[in-house]
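Observations on the three-dimensional arrangement
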4 protein chains.
Amino acid sequence: MTLSMKYSFKNDYSEMAHPEILTVLSDVGNEQFEGYGLDEHSITAAMLIRKALKAPYADIHFIAGGTHANLVMISSALRPHEAVIAPKSGHIFVHETGAIEATGHKICVRDGLNGKLTVGDIESVVSEHGDDEHMVKPKLVYISLSTETGTVYTKAELAAISFYCRNNGLYLYIDGARLGAAINSPACDLKYSDLPNLADAFFIGGTKNGALFGEAIVICNEQLKVDFRYLLKQRGGLLAKTAAIGVQFKTLFAGGLYDELAKHSIAMAKKLADGIRALGYEFLCPVETNLILPVFPNEIVDRLREHYGFYDWQRFEDKTAVRLLTSWATPEDKVDCFLADLKE
Amino acid sequence: MTLSMKYSFKNDYSEMAHPEILTVLSDVGNEQFEGYGLDEHSITAAMLIRKALKAPYADIHFIAGGTHANLVMISSALRPHEAVIAPKSGHIFVHETGAIEATGHKICVRDGLNGKLTVGDIESVVSEHGDDEHMVKPKLVYISLSTETGTVYTKAELAAISFYCRNNGLYLYIDGARLGAAINSPACDLKYSDLPNLADAFFIGGTKNGALFGEAIVICNEQLKVDFRYLLKQRGGLLAKTAAIGVQFKTLFAGGLYDELAKHSIAMAKKLADGIRALGYEFLCPVETNLILPVFPNEIVDRLREHYGFYDWQRFEDKTAVRLLTSWATPEDKVDCFLADLKE
Amino acid sequence: MTLSMKYSFKNDYSEMAHPEILTVLSDVGNEQFEGYGLDEHSITAAMLIRKALKAPYADIHFIAGGTHANLVMISSALRPHEAVIAPKSGHIFVHETGAIEATGHKICVRDGLNGKLTVGDIESVVSEHGDDEHMVKPKLVYISLSTETGTVYTKAELAAISFYCRNNGLYLYIDGARLGAAINSPACDLKYSDLPNLADAFFIGGTKNGALFGEAIVICNEQLKVDFRYLLKQRGGLLAKTAAIGVQFKTLFAGGLYDELAKHSIAMAKKLADGIRALGYEFLCPVETNLILPVFPNEIVDRLREHYGFYDWQRFEDKTAVRLLTSWATPEDKVDCFLADLKE
Amino acid sequence: MTLSMKYSFKNDYSEMAHPEILTVLSDVGNEQFEGYGLDEHSITAAMLIRKALKAPYADIHFIAGGTHANLVMISSALRPHEAVIAPKSGHIFVHETGAIEATGHKICVRDGLNGKLTVGDIESVVSEHGDDEHMVKPKLVYISLSTETGTVYTKAELAAISFYCRNNGLYLYIDGARLGAAINSPACDLKYSDLPNLADAFFIGGTKNGALFGEAIVICNEQLKVDFRYLLKQRGGLLAKTAAIGVQFKTLFAGGLYDELAKHSIAMAKKLADGIRALGYEFLCPVETNLILPVFPNEIVDRLREHYGFYDWQRFEDKTAVRLLTSWATPEDKVDCFLADLKE
């Protein structure tokens, strides 16, 4: 058995794109369109997203990737001495090669719980800094929905954070690389239309939910809207072919495809988790979306690795928490196979 | 007649992508691949590009857009006090919203001729700066091939610049957003395989030559190769779905499609230019690629604008130089139409 | 004759400090003071400066040097995509090693006249950029008073620039490294109290007018005042020993010493210029402050260089414009000597 | 009793400057000197420092303050994706308003012990990052000598760190704002001449040891020397009046004044600490230099605060660790007073 025949639970972006997306891209034919997001496809996609969010005044901008969305949005929002508050597991703090610091801003972290930040965490950063000009000034709270450990915020949790932020002059920004998996999670009572009321800005991830590539940045706060396209261009994020992202989001948001794909990936993760739990294994974090962290004895991990691709998340003495991701493309029989192999 | 029915000569990226590209993207199906350019498609594409360049040791990196390619490459190459030398018409100086300065580096410009920089221009910047620590230190020469005015460097011209750069400790970097149009221009005696010998780094543009999106950065200088993927990630340019670019470049470079598309766009521009010249009009710059700058009386420009999309390039008292771009997708009959309308 | 015996007209900061300044520094003795500008000396100095400016609400911040003042102020005022408009001879553009670009901002230059920017210059930068997000957004006008060529703006000239800036959403910032020489120039009808009405921010130079070191940044625009001390600290400009600058400015502004020193340096320059003109030589720019640019035949320049220190400003075929600076410390007999030597 | 009559143990830079320094500054008179550190005073001072360090090839640069020294040195040494390793209490991490991040670099922290980083701390940062381009690349170790909690590294400790750094391609940089207090500490067996062998660069603090202002940056690693003056200028640190710092360091290092002042401040701290310990109080960290952290019951702290200035360092339920600093200027009778008041 060769390496390439292993089935991969490594990521939710391991397949090219949902067939419907590719079909629509091809169907455009030789139609001519405006560059830089001023085309009809992008305009329609933005309209559909605004409708899904019930946010007629939100600004929508398309960009190729999530790290890029984060750095453009955050560096656009902050003055040089202003800083970000994030959970220690936050993608911007761990896995973006210091992209935020490279735009000049410090990230102040707290441990959080299950990848989530609490109001208490935010409060402790704020009170530690006070009004001391010898320290940075925390100004923007960054959270992920769903988080790096596959968990979600409830509406009450997010509302509490939002309330604290507004009362304390902080922006709330949500990294929604896996927003579909969050909103469609049974553990999450948030609706798309809650987000514009609670957050100042966020992005809706396409790359990890069936798109060929692309994310939709949503800006709700009037102040953050100003001149955003300049920033997008300056950081290299304003693509001539933005229409190619617009077409995709139009397809994803026209008739429920975005949610449908997220639901499939959650269903596959649930089936996988249920099976694993039935076999007596535990999880590092609650199972809530399409990313699960079961803990297996090391010899089992080694055996599974022969047939499946996945990452080790945390190593303990004789056990390892592994990260398994399902996607819009995960076939049910691969889940069955995994569970059968695990049983053996 | 509605706006959308105008035929546009505004850009060479007004159509989605060449059908073959879209077909190949669809054909990948549910195959799983590694993220971040470590997939088979990107690896094969890089191999094909290296072969075309006769540069087995060049590093190839894929990125979504040209402005992004420029800023990642340049900011990776320079220490904070080092600066860029560019022609005044250079894309990085005029139309990238200060992207290079946003990474901390000054651009020192010279007028150049027809969008091209001469050795004399470069020399004058170098001698003006000397070894004075109160001034920036010029370290990288930026040129475009083809240029913003559609012209090309000859092999002799590029070799002279390259020779000067090597003797003076300067990097030579080429913005190849329209590299296909340059290499396939009858006015240009450069071959792909000349570039790795003459330049330290460059990029091969996909966006403006039939790709859905994407550019291939080529690094030849060993020093510039070091840790480049870190920079790519830090600036938001390392896409999870790099495979989607890899597939496209594989298609473009597997059997000559890249050149074929460039040749078509040049042929259309030539036909357009010949027709215009036959009607007695002049050009602001030599006609060499797929971007031409004819000068028309203002009333003619106004009339043409009713039926065709294009940008005004430079306004004189009663004349205007307009910018007409043809592309891989330009139908010959649209060129005929334009010439017929012009004749009237 | 050794090198060190040459008398230097190179700069107005070639001597340590005016004796009164050094005396006052010594007189402080072992008194304890607060750090970072919160001491009584700095507070009193700020009060005296506000009084001289008739600007009771201006914010005053002390910093060690002029390049530093420029980069902290400008980077504090601008969002990432915003740019500076400056004359081509501007210190920030030529002689600060790309300090402004290093904070991320482009400088858009115009030739200007005699080192001065006109409203037409500013207008042409603004109209060239329009509202195009592919270009930077000009937001701050930088001028020097007096300029790099020793000239001054009249009140009418400065008011016209200020009026244009306010009507077009631009900040006006004045580099006042040689503000004393400007305000005390017979060619300048501006008073200190005009500046807060016309400019959004500026700095008053101590280094070039008798201080041991130090500049006083003055911020008049409420928006630019916000959190400025954070920026000052972040860029390394908030000195623990700010009191050492405060004491100096207290001394300079308590009883007219600042103007007295400027007047002396202007008087010495005038005497020098009158003598040079009487001998039949011309000047590159009007003689208005303590920096003059006489044009001498090259063989005369070579002879003078044997006995005097100065910089060549601009070389012509057989002539050279040299830069001569007088200072608060220039002895009249050195001026006489120079003129006598020139006569020979 | 007014506020200003409280004796302050807040800082070691609360007094203007040692009288000898001020005398020498005055004695220079109207002598003319070159700008930007090219003067005889700075050259002599550099020579004396090299001699004290037994490092004839070290490069010496003078700068006004410590935060500035740190940011210029660190941003000069690193490529954009490279990061700093520091203790969590490190000045650059806590009290420099994100100055390092503002130059684009992330700081990776470990708790350390008593303000000191161990080889194990550094190793854990390095191994956590591996060769993963999705994370920053740790490249420079930052430590303070003495530390923020008044402790020192022994020669063995520093040698172990240095050895690890060299074997792992890391630069070692020492913040020596209180280097005098460290080298003259009885707890420290390091000599000045050990530093160039163990560190790649460091600075010798003047501001906190009797100078009016100023620090001396010492660069030992050849690679870090390249073009450093450009960086110094670009970040606003190259003062026209560098001679004013040169004169001071010449004075401090000509005849042992630097050590003499440090010894006095350590002796005062020792007396203070001995007295406090004799009264039965404990300390948060070992007492090793001129900064001590005694722990007092809160009501005692409140009473002491009526007569003495100091900062609270860490608050416990009913106790507080306060920070007491002595300096070159601390009179012995103030120490006696403090102890007498404490006894009461």
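Residues numbered from 1 in each chain as written. Chains lettered and ligands numbered in written order. Predicted model: local features only at pLDDT ≥ 70, side-chain atom pairs only at ≥ 80, totals over all residues. Heavy atoms only, no water.

Time to look at the interface of chain C and chain B. On the side of chain B, 17 residues touch chain C, which itself brings 17 residues to the contact. Carbon and sulfur atoms make up 54% of the surface buried where chain C meets chain B, a total of about 1400 Å² over both sides. Considering only the side of chain C, the residues that lose the most area to chain B are Thr-97, Glu-101 and Lys-106 of chain C, jointly responsible for 39% of the buried surface there. Put simply, chain C and chain B have zero salt bridges between them. Elements with a contribution of two residues or more to the side of chain C that touches chain B: α4 (91-94) and α5 (99-102) of chain C. For the side of chain C that touches chain B, the class distribution of residues is five nonpolar, seven polar and five charged. (Contact = heavy atoms within 4.5 Å. Buried area = accessible area lost by both parts, 1.4 Å probe. Salt bridge = Lys/Arg side-chain N within 4 Å of Asp/Glu carboxyl O. Helix = DSSP H or I, 4+ residues; strand = E, 2+ residues; numbered from the N terminus. Nonpolar A, V, L, I, M, F, W, Y, C, P; charged D, E, K, R; others polar.)

Moving on to the pattern of salt bridges. Under the definition given, this model contains 60 salt bridges over all chains. Close ionic contact of Lys-10 of chain A with Glu-34 of chain B constitutes a salt bridge, the shortest N to O distance being 3.3 Å. Of this pair, Lys-10 of chain A sits in the loop between β1 (7-8) and α1 (19-27) while Glu-34 of chain B sits in the loop between α1 (19-27) and α2 (40-53), which puts the two residues in different chains. You can call Lys-10 of chain A buried: its relative accessible area is 18%. Note that Asp-312 of chain D is salt-bridged to Arg-315 of chain D, the shortest N-O span being 3.1 Å. Asp-312 of chain D sits in the partly exposed class, given a relative accessible area of 23%. What makes Arg-315 of chain D exposed here is its relative accessible area of 64%. (Buried < 20%, exposed > 50% of the residue type's maximum accessible area, 1.4 Å probe, protein only.)

Right, let's get into the confidence of the model for chain A. Averaged over chain A, the pLDDT score is 96; the fraction of residues at 70 or greater is 99%. Confidence metrics for the complex model read pTM 0.97 and ipTM 0.96. (pLDDT = per-residue confidence, 0-100.)

Turning our eyes to something else, we now look at the sheet that holds strand β5 (residues 137-144) of chain A. Residues and elements named next belong to chain A. Pairing within the open sheet is mixed, and its seven strands lie in the order β2-β8-β7-β6-β5-β3-β4. Every other strand in the sheet has two partners, leaving β2 (59-63) and β4 (107-110) as the edge strands with one partner each. Mean inter-strand twist for the sheet, computed between neighbouring axes without regard to direction, equals 25°. Relative to β5, strand β3 (residues 82-87) is paired through four bridges, and the arrangement is parallel. Looking at β5, one finds that Glu-82 is bridged to Lys-137. Of the strands in this sheet, β2, β7 (201-205) and β8 (215-219) are in contact with helix α2 (residues 40-53), which crosses β2 at around 125°. (Pairing = 2+ DSSP bridges. Axes fitted to C-alpha atoms, helices over the stretch in contact; angles between N-to-C directions.)

Another point: the packing of helix α2 (residues 40-53) of chain C against helix α12 (residues 243-254) of chain C. Between two packed helices, both the angle of their axes relative to each other and the distance between the axes serve to describe the pair. All names here are of chain C. Contact pair α2 / α12: the axes reach a minimum separation of 7 Å and the direction vectors enclose 35°. Like other packed secondary-structure pairs, α2 and α12 cross with a definite hand, here left-handed. Here α2 contributes His-41, Ser-42, Thr-44, Ala-45, Leu-48, Ile-49 and Ala-52 to the contact with α12, which in turn contributes Ala-243, Gly-246, Val-247, Phe-249, Lys-250, Phe-253 and Ala-254. Residue composition of the contact of α2 with α12, by class: nine nonpolar, four polar and one charged. (Left-handed = near helix turned anticlockwise from the far one by under 90°.)

Here we take up the interface of chain B and chain A. Across the contact, 49 residues belong to chain B and 49 residues belong to chain A. Both sides together, the interface formed by chain B and chain A hides about 4000 Å², and carbon and sulfur atoms give 57% of it. By the criterion of area lost to chain A, the three top residues of chain B are Met-16, Gln-32 and Lys-241 of chain B, representing 19% of everything that side buries. Joining chain B to chain A, the criterion identifies two salt bridges. Linking chain B with chain A are 22 residue pairs in polar contact (both at pLDDT 80 or more). Of all the secondary structure elements, the ones that give two or more residues to the side of chain B that touches chain A are β1 (7-8), α1, α3 (66-77), α5 (99-102), α11 (228-234) and α12 (243-254) of chain B. Within the side of chain B that touches chain A, the residues separate by chemical class into 23 nonpolar, 17 polar and nine charged. (Polar contact = N/O pair within 3.5 Å; in protein donor to acceptor, adjacent residues only side chain to side chain.)

This next bit is on α3 of chain B. All names here are of chain B. Under the 1.5 Å per step criterion, the end-to-end length of α3 is 17 Å for twelve residues, consistent within 8% with the ideal 16 Å. With respect to burial, α3 is a largely interior element, twelve of its twelve residues being buried. Where α3 is concerned, the buried positions are Gly-66, Thr-67, His-68, Ala-69, Asn-70, Leu-71, Val-72, Met-73, Ile-74, Ser-75, Ser-76 and Ala-77. (Expected span 1.5 Å × (residues − 1).)

This part is about the pairing of strand β6 (residues 171-175) of chain C. In regular strands, side chains alternate between the two faces of the sheet. Residue and element names in this part refer to chain C. Burial within β6 is extensive, with five of its five residues counted as buried. Side chains of β6 alternate between two faces, with Tyr-171, Tyr-173 and Asp-175 and Leu-172 and Ile-174 buried alike. Examined bridge by bridge, strand β5 (residues 137-144) and β6 share five bridges and lie parallel to one another. Its bridge partner lying in β6, Val-141 is registered against Leu-172.

Tracing the sequence through the fold places Gln-234 of chain C in helix α11 (residues 228-234). A polar contact of 3.1 Å, which involves the side chain of Gln-234 of chain C, links it to the backbone oxygen of Thr-97 of chain D. Once you skip the residues sitting within four places of it in the chain, Gln-234 of chain C turns out to touch Pro-80, His-81 and Gly-104 of chain A together with Leu-71, Glu-96, Thr-97, Gly-98, Ala-99 and Ala-102 of chain D.

Turning to the environment of Ile-276 of chain C, a few remarks are in order. All names here are of chain C. By the secondary structure assignment, Ile-276 is in helix α13 (residues 257-278). On the basis of relative accessibility, which here comes to 0%, the residue Ile-276 falls in the buried class. Placed 190 residues apart in sequence, Ile-276 and Ala-86 show a C-alpha to C-alpha distance of 31 Å. The contacts of Ile-276, once residues within four sequence positions are left out, are Tyr-281, Phe-283, Ile-292, Pro-294, Phe-296, Leu-324, Phe-338, Leu-339 and Leu-342.

This next bit is on the relation of the copies chain B and chain A. Between the two copies, chain B and chain A, the superposition gives an RMSD of 0.0 Å; the rotation angle is 180° and the shift along the axis is 0.0 Å. Within this description, the copies of the chain are treated as partners about a two-fold rotation axis. Both copies contact each other with a shared surface, as 100% of the interface residues of chain B are interface residues in chain A too. (Least-squares fit on C-alpha atoms with pLDDT ≥ 70 in both.)

Two elements in contact, helix α1 (residues 19-27) of chain C and helix α1 (residues 19-27) of chain D, have axes whose closest approach is 10 Å; the angle formed by their N-to-C orientations is 170°. Relative to α1 of chain D, the element α1 of chain C lies roughly antiparallel. Here α1 of chain C contributes Leu-22, Leu-25 and Ser-26 of chain C to the contact with α1 of chain D, which in turn contributes Leu-22, Leu-25 and Ser-26 of chain D. Residues belonging to the contact of α1 of chain C with α1 of chain D are distributed by class as follows: four nonpolar, two polar and no charged. (Parallel < 35°, antiparallel > 145°, perpendicular 65-115°, else oblique.)

Moving on to a negative patch on the surface. Residues and elements named next belong to chain A. On the surface, Glu-299, Asp-302, Glu-306, Glu-317 and Asp-318 cluster together to form a negatively charged patch. Mapped onto the secondary structure, Asp-318 falls in the loop between β13 (311-315) and β14 (319-325). Exposure remark for Asp-318: the relative accessible area of 52% places this residue in the exposed category. (Patch = residues over 30% accessible without salt bridge, like charges linked within 9 Å, V, L, I, M, F, W, Y side chains within 5 Å. Areas by Shrake-Rupley, 256 points an atom, 1.4 Å probe, with all protein chains shown as cover. Lys, Arg positive; Asp, Glu negative; His and termini not counted. Charge placed at Lys NZ, Arg CZ, Asp CG, Glu CD.)

In this section: the sheet that holds strand β7 (residues 201-205) of chain C. Residues and elements named next belong to chain C. The sheet built from seven strands is open, its strands ordered β2-β8-β7-β6-β5-β3-β4 with mixed pairing. Looking along the sheet, the strands with just one partner apiece sit at the ends: β2 (59-63) and β4 (107-110). On average, each strand axis in the sheet is tilted by 25° relative to the strand beside it, whichever way the strands run. Note that β2 and strand β8 (residues 215-219) share five bridges and pair antiparallel. Bridged to Ile-63 within β8 is Glu-215. Lying on the sheet, α2 is in contact with β2, β7 and β8; it crosses β2 at an angle near 125°. Relative to the sheet, helix α3 (residues 66-77) contacts β2, β3 (82-87), β5, β6, β7 and β8, its axis offset from that of β6 by approximately 170°.

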